[in-house]
Amino acid sequence: MDEPVTIDDLVGRVKRMHADDDPLVHLADAIAVSERIGDVADQLVGYFVEAARTAGVTWADIGKTMGVSRQAVQKRFVPKTAPMVTLDAATFAGFTPRARAIIVAAEEEARTAGHDYLGTEHLVLGLLAQPEGLAAKFLSEKTTPEQLRTAMVQVFGPRVGEVPEQLPYTPRGKRAIELSVQEAQRLGHDYVGTEHILLGVLVERFGVGAQVLRELGVEQRDVEEWLAAR
């Protein structure tokens, strides 16, 4: 930076905030300014973290640049999960048999992992259960089922003591399903297939599923171009 902020700049700003010479007033103002600086600093770094992710940079490389692990940088900059949600049967009305089978397989993946929720990571693994589906065929050109599963398991959340009978979706998992319907409509299809579920996961770009897929070289544009060439 040509003109970095100096301690003298900050001291002068604090002193100008109140004409009062009470040292405790100045101290309170200094604390407020320092907290604001911290917030802005986080926003600044966060802005360029998101820019790097948009450009296709992996979490591992971002963590390396910041001097921390991939897990640490994801924990800091990936938005916290909101309360779990459910989806009604009407949501899946237009799903093909294979797409429905993927939803069932995703639930089994979550149960096997000991999770009490269904997220985008489980949806991605569910795609592997239908090797004749377009999503699995596309993925086979980018990675292997073993590589995909290994990469996904590395970012799995911890197991829970008891898995409920009905698994709620994470907000990003729910959004990925909704986006799969929208992607089918955008492509002019009157059904939701495995390929649309894959696209839905990728469009929900901050989900764990999309993050892992991008690290394996799977991008939304590539899926669309592959589908258009068929």
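Please refer to the structure placed before this passage.
For clarity, every value in this text was computed on a predicted model and none was experimentally measured.

Caption draft 1: Spatial organisation of the packing of aromatic side chains. Taken as a whole and judged by the stated rule, the model has two aromatic pairs. With centroids separated by 5.1 Å and ring planes inclined at 75°, the aromatic side chains of Phe92 and Phe95 adopt a geometry described as edge-to-face. Note on accessibility: Phe92 and Phe95 belong to one class, buried. Ring geometry for Phe138 against Trp226: centres 5.6 Å apart, planes inclined by 70°, an arrangement best described as edge-to-face. Linking Phe138 in helix H7 (residues 134–140) with Trp226 in helix H12 (residues 220–228), this pair joins segments that are 88 residues apart in sequence. Given the relative accessible area of 3%, Phe138 is considered buried. We note Arg205 situated over the ring of Phe206; from NZ or CZ to the ring centre the distance is 4.6 Å.

Caption draft 2: Region of the structure containing the side chain of Glu204. As for its placement among the helices and strands, Glu204 is situated in the loop between helix H10 (194–203) and helix H11 (208–215). Every residue in contact with Glu204, bar those within four places of it in the chain, is listed here: Arg172, Arg175, Ala176, Leu179 and Ala210.

Caption draft 3: Looking closely at the pattern of salt bridges. Inspection of the entire model under this criterion finds eight salt bridges. Residues Lys137 and Glu132 are paired through a salt bridge, measuring 3.8 Å at the closest nitrogen-oxygen approach. Exposure remark for Lys137: the relative accessible area of 30% places this residue in the partly exposed category. With a relative accessible area of 48%, Glu132 lands in the partly exposed category. Its salt-bridge partner being Glu204, residue Arg172 comes within 2.9 Å of it at the nearest N-O pair. Of this pair, Arg172 sits in helix H9 (residues 171–186) while Glu204 sits in the loop between H10 and H11, and the two are 32 residues apart along the sequence. Look at Arg172 and you get partly exposed, because its relative accessible area is 23%. Taking relative accessible area as the criterion, Glu204 reaches 10% and is therefore assigned buried.

Caption draft 4: Quick peek at the environment of Gly12. Summarising the element assignment, Gly12 is placed in helix H1 (residues 7–17). Sequence separation of Gly12 and Gly56 is 44 residues, and the distance between their C-alpha atoms is 42 Å.

Rules used in this analysis
- Residue indices begin from 1 for each chain and proceed along its sequence in written order.
- The model is predicted, so local features are restricted to residues of pLDDT at least 70 and side-chain atom pairs to those at 80 or more, both for listing and for counting; the totals for chains, interfaces and linings are taken over all residues.
- Excluded from the side-chain calculation are hydrogens and water; included are all heavy atoms of the structure.
- Each Phe, Tyr or Trp ring, with Trp reduced to its six-membered ring, pairs with another whose centre is within 6.5 Å; inter-plane angles below 30 degrees give stacked pairs, above 60 give edge-to-face pairs, and intermediate values give tilted ones.
- Remark: exposure states derive from per-residue accessible area (1.4 Å probe, protein chains only) relative to the maximum for the residue type, with buried under 20%, exposed over 50%, and partly exposed in between.
- Here a strand is any run of E in DSSP of at least two residues, a helix any run of H or I of at least four, and the numbering for each starts at the N terminus.
- Placement of a charge over a ring requires the Lys NZ or Arg CZ to be within 6 Å of the ring centre, with the centre-to-atom vector within 35 degrees of the ring normal.
- Here a residue-residue contact requires only that any non-hydrogen atoms of the pair lie within 4.5 Å.
- The term salt bridge refers to a side-chain nitrogen of Lys or Arg lying within 4 Å of a carboxyl oxygen of Asp or Glu.

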